[in-house]
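Below, each chain spelled out in residue letters.
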Amino acid sequence: MIDSLDRPLPPSRRRPRRPDVMTYQVRVDLAGTTPPTWRRLEVASDVFLDDLHEIIQIAFGWTDSHLHRFACGPAYYSDDTEYYLMPFEVDEGETGVPEHQVRLDEVLVDVGDRMFYCYDFGDDWQHVLRLEAVEPQAPSRKAVCTQGDRDGPAEDCGGIGAYELIEAVKDPTNDDPAAEIDYRQVLGDIDPYSYPTTLFDIGKINAALGDLDRHVDIGELPGPLADLLGAVRTTSHRRRLRRMMGVAMQEPVLVDLDAATAAVRPYAWLIDRVGDAGIKLTAAGYLPPVDVEAAFTELDLADAWIGMGNREQLTIPVLHLRESAQRMGLLRKHRGRLMVTARGKAARGDPTALWFQLAERMPLTSKDVCEEQAGLLFLIAVAAGENDPDGLVADMLDAIGWMHRDRTPITRSSAGRIAWDTRDVMRRLRLLAQDSRVVEPERVTPQAVAFARAAVRSWPSAAKSTPRS
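Remember, it's a predicted structure, so these values are computed and weren't measured experimentally.

Basis of the calculations
Residues numbered from 1 in each chain as written. Predicted model: local features only at pLDDT ≥ 70, side-chain atom pairs only at ≥ 80, totals over all residues. Heavy atoms only, no water. 1 Å grid on protein atoms, 1.4 Å probe; cavity = no way out; pocket = protein on both sides within 12 Å on 5 of 7 lines; lining within 4 Å. Points joined across faces, edges and corners; volume = space filled by probe spheres on them. Helix = DSSP H or I, 4+ residues; strand = E, 2+ residues; numbered from the N terminus. Nonpolar A, V, L, I, M, F, W, Y, C, P; charged D, E, K, R; others polar. Buried < 20%, exposed > 50% of the residue type's maximum accessible area, 1.4 Å probe, protein only. Contact = heavy atoms within 4.5 Å. Axes fitted to C-alpha atoms, helices over the stretch in contact; angles between N-to-C directions. Parallel < 35°, antiparallel > 145°, perpendicular 65-115°, else oblique. Left-handed = near helix turned anticlockwise from the far one by under 90°. Core = buried A, V, L, I, M, F, W, Y, C linked by side-chain atoms within 4.5 Å. Phe/Tyr/Trp six-rings, centres within 6.5 Å; stacked < 30°, edge-to-face > 60°. Pairing = 2+ DSSP bridges.

Approximately 740 Å³ is the volume attributed to the second largest pocket. For the lining of the second largest pocket, the secondary structure elements donating two or more residues are α9 (257-263), α10 (265-274), α12 (316-327) and α18 (420-428). A breakdown of the residues in the lining of the second largest pocket according to their chemical character gives 13 nonpolar, three polar and seven charged.

The next point concerns the side chain of Glu312. Residue placement: Glu312 occurs in the loop between α11 (289-298) and α12. For Glu312, a relative accessible area of 0% puts it in the buried group. Not counting residues up to four positions away in its chain, the partners in contact with Glu312 are Tyr286, Leu287, Val292, Val318, Leu319 and Arg322.

Once that is clear, we can look at the packing of helix α15 (residues 369-383) against helix α16 (residues 389-400). Look at α15 against α16: their axes get within 9 Å of each other, and the N-to-C directions meet at 135°. Between α15 and α16, the angle falls in the class oblique. With respect to the hand of their crossing, α15 and α16 are arranged in right-handed fashion. Every residue of α16 that contacts α15 at Cys370, Gln373, Ala374, Leu377, Phe378, Ala381 and Val382 is listed here: Pro389, Asp390, Leu392, Val393, Met396, Leu397 and Ile400.

Core analysis: the biggest nonpolar cluster contains 77 residues, and Leu241, Tyr267, Trp355, Leu358, Ile380, Met426 and Phe451 have the highest contact counts within it. The leading source of residues in this core is α15, at ten residues. Apart from residues lying up to four places away in sequence, Met426 is in contact with Phe378, Leu379, Val382, Leu431, Leu432, Ala448 and Phe451. Listed in part, the 40 residues of the second largest apolar core include Val47, Ile55, Ile56 and Leu212.

On to the packing of aromatic side chains, then. Geometrically, a pair of aromatic rings is defined through the distance of the ring centres and the angle of the planes. Evaluated as defined, the whole model comprises eight aromatic pairs. For the pair Trp62 and Tyr119, a centre-to-centre distance of 5.0 Å together with 45° between the ring planes defines the contact as tilted. You can see Trp62 sitting in the loop between α1 (49-60) and β3 (68-72) and its partner Tyr119 sitting in strand β6 (residues 114-119), a full 57 residues away along the chain. Tyr119 shares its class with Trp62; the two are buried. Ring geometry for Tyr76 versus Tyr83: centroids 5.7 Å apart, planes at 80°, classification edge-to-face.

Our next topic: the pairing of strand β11 (residues 337-340). Across two bridges, strand β9 (residues 279-280) lies against β11 in antiparallel orientation. Bridge pairing in β11 places Ile279 opposite Leu338. In this sheet, β11 lies alongside strand β10 (residues 331-334) in antiparallel orientation, the contact comprising four bridges. Within the sheet, the bridge partner assigned to Arg332 lies in β11 and is Met339. Hairpin remark: β10 followed by β11, antiparallel, with two residues in the connecting loop; positive phi at Arg335, about 50°.

This next bit is on the sheet that holds β9. Here three strands make up an open sheet; going across it, the order is β9-β11-β10 and the pairing antiparallel. Each having just a single partner strand, β9 and β10 make up the two edges of the open sheet. On the sheet, α10 packs against β9, β10 and β11 and is oriented at approximately 115° with respect to β11. Lying over the sheet, α12 contacts β10 and β11, oriented at roughly 90° with respect to β10.

Time to look at empty space enclosed by the protein. Under the definition given, this model contains two cavities of 30 Å³ or more. Computed from the structure, the second largest cavity encloses a volume of approximately 60 Å³. Lining the second largest cavity, in full, are Pro363, Leu364, Ser366, Glu371, Glu372, Gly375, Ile418, Ala419, Trp420, Asp421 and Thr422. Counting residues per element, the ones that place at least two in the lining of the second largest cavity are α15 and α18.

So this is what it looks like as structure tokens:
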């Protein structure tokens with residue numbers, strides 16, 4: 001855009017807001033499509049443009065994987081057009097008004113008014129929004145789709161021209177050989193079915209739009225959860241994550257004494273073993289063989305590990321038990337001895353208190369931000385009852401922007417490794433049930449859901465008491 005120092009800015013095209021909330025009937029057309037690809041929406045007049053962005057994304061099946069921008073003026077590209085910017089553009093210093101400060105009824109006021117929405121500046125998907133009718137009563141929902149036509153284009157297919165060619169070639173009623181020729185000239189040998197369109201399904205669209213009315217306000221979330229939500233770059237992923245956070249935090253957490261006793265047994269045993277006097281560690285800082293052997297035998301670790309079970313550095317289940325107990329503040333090293341902390345002593349002999357203390361320190365702190373985010377995402381997924389926590393972690397880490405060093409995306413299996421510390425603690429507490437005949441996936445138990453919810457709900461107090469990396 002032309003810098004404001006080169007010419008005066010156009011006068012603002014925003015007008016005074018309507019005094020009451022009304023129902024707007026807005027038709028949104030994907031410009032340049034023949035026949036038109038369009039959606040008719042009933043929208044609350046007081047929605048802000050950042051909410052309208054989410055509504056349009058859902059209505060057309062976009063995945064919010066690219067930049068977008070609203071505009072009001074004679075045309076999308078015009079010196080007299082006022083632009084309303086997404087947060088990234090605001091941070092980059094572009095000229096315009098932040099979209100979250102602009103209400104729909106400031107730019108669409110009278111029937112016939114129109115504005116523009118551009119998504120993906122490469123493919124340049126321009127949408128024209130036209131106000132068709134105004135009903136005096138407020139809607140019961142933020143947005144509803146009432147009509148429309150044609151499936152939504154595939155992401156990154158090349159823009160309007162490519163979309164029309166793809167649809168022409170895929171149309172079984174189209175027997176014009178010119179369409180196939182034009183397609184091959186433009187897109188070569190690429191299979192047109194490799195560009196999946198989003199089926200126009202009003203039921204699915206309205207179900208997704210309904211989720212916009214049921215969310216936890218980011219201002220109500222504890223800092224770590226708000227930070228995690230803010231790190232997610234796409235609206236669709238933020239919407240999904242926000243919904244899961246709401247599920248995870250909506251009910252109080254109750255734990256049965258017997259279930260708590262069974263779960264915390266490894267940590268309770270280790271606290272008792274260390275005792276008031278502590279344990280003198282080896283010169284290398286490990287547990288002495290006699291204590292390793294006791295843990296290996298009394299905690300029934302022979303089925304989980306091979307070896308003699310007498311050297312901690314070679315007996316990984318014992319090593320990780322001790323290290324995780326330290327990271328959760330139950331034990332500490334002091335002058336060559338392993339000692340029980342005040343936190344550990346407070347929960348000694350009280351399985352329920354220990355169960356909640358373990359939950360409050362999840363996920364384990366880490367110097368690796370990706371690992372800690374993966375742990376928190378895993379807990380949120382379990383707390384929300386997701387059937388595939390690792391898939392959710394992979395999806396969200398990708399939406400945050402993480403990838404492997406070789407620039408390949410995070411996969412489900414690699415997400416499981418990144419969140420390994422959190423998963424390892426939950427395995428130790430026997431909260432994840434696993435079929436001995438297969439390696440994955442593990443079944444999330446009701447006890448795991450309760451533990452994960454306790455972890456997610458505890459973040460305000462945990463964030464106050466312990467610095468998190």
